[in-house]
Amino acid sequence: HATHAVETTSGQITWAKIRDNMGDIIYRLSSMKFEDPADGEEALVNRYTELQREMEEQFRSLSD
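Only a predicted model underlies this, so the values are computations on that prediction, with no experimental measurement involved.

Enquirer: What is the right way to read the nonpolar core from this model?
Expert: Taken as a class, soluble globular proteins show a tendency for nonpolar side chains to be buried jointly. Of all hydrophobic cores here, the largest spans eight residues; its members are Ile13, Ile18, Met22, Ile25, Leu51, Met55, Phe59 and Leu62. The element best represented in this core is helix α4 (residues 41-63), accounting for four residues.

Given below as structure tokens:
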């Protein structure tokens with residue numbers, strides 16, 4: 001999504017803008033490596049699905 005957004009918006013969306021608007025999501029992505037598998041597959045899938053939904057919403061709002 002990020003590369004596509006930067007390439008197709010003729011400079012309207014930059015990496016800096018993505019980083020500024022999505023700092024929390026970027027942090028949460030980098031924190032995924034600390035997730036505890038003992039939480040169970042269902043809990044992890046729910047968390048990751050929600051994170052994906054939030055990322056998609058943020059990218060949509062950047063391109064509007």
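Enquirer: How do you make sense of the packing of helix α3 (residues 23-31) against α4 when you look at a structure like this?
Expert: Think of two packed helices as two axes; the pair is described by the angle between the axes and how far apart they sit. Relative to each other, α3 and α4 sit at 150°, their axes nearing to 11 Å. On the basis of their axis angle, the class for α3 and α4 is roughly antiparallel. Pair α3 / α4 crosses with left-handed handedness. Here Ile25, Arg28 and Leu29 of α3 come into contact with α4, specifically with Leu51, Glu54, Met55 and Gln58. Per-class residue counts for the contact of α3 with α4 are four nonpolar, one polar and two charged.

Enquirer: So what exactly am I meant to see when it comes to the pattern of salt bridges here?
Expert: Where side chains of opposite charge bring their charged atoms close, a pairing between them can arise. Counted under the stated rule, the structure contains six salt bridges. For aspartate 24, the salt bridge goes to arginine 28, with nearest N and O atoms at 3.6 Å. Taken as a pair, aspartate 24 and arginine 28 lie in helix α3 at a separation of four residues, close to a single helical turn. By relative accessible area, which is 27% here, arginine 28 ends up partly exposed.

Here is what the cut-offs are and how they apply
- Residues numbered from 1 in each chain as written.
- Predicted model: local features only at pLDDT ≥ 70, side-chain atom pairs only at ≥ 80, totals over all residues.
- Heavy atoms only, no water.
- Core = buried A, V, L, I, M, F, W, Y, C linked by side-chain atoms within 4.5 Å.
- Buried < 20%, exposed > 50% of the residue type's maximum accessible area, 1.4 Å probe, protein only.
- Helix = DSSP H or I, 4+ residues; strand = E, 2+ residues; numbered from the N terminus.
- Axes fitted to C-alpha atoms, helices over the stretch in contact; angles between N-to-C directions.
- Parallel < 35°, antiparallel > 145°, perpendicular 65-115°, else oblique.
- Left-handed = near helix turned anticlockwise from the far one by under 90°.
- Contact = heavy atoms within 4.5 Å.
- Nonpolar A, V, L, I, M, F, W, Y, C, P; charged D, E, K, R; others polar.
- Salt bridge = Lys/Arg side-chain N within 4 Å of Asp/Glu carboxyl O.

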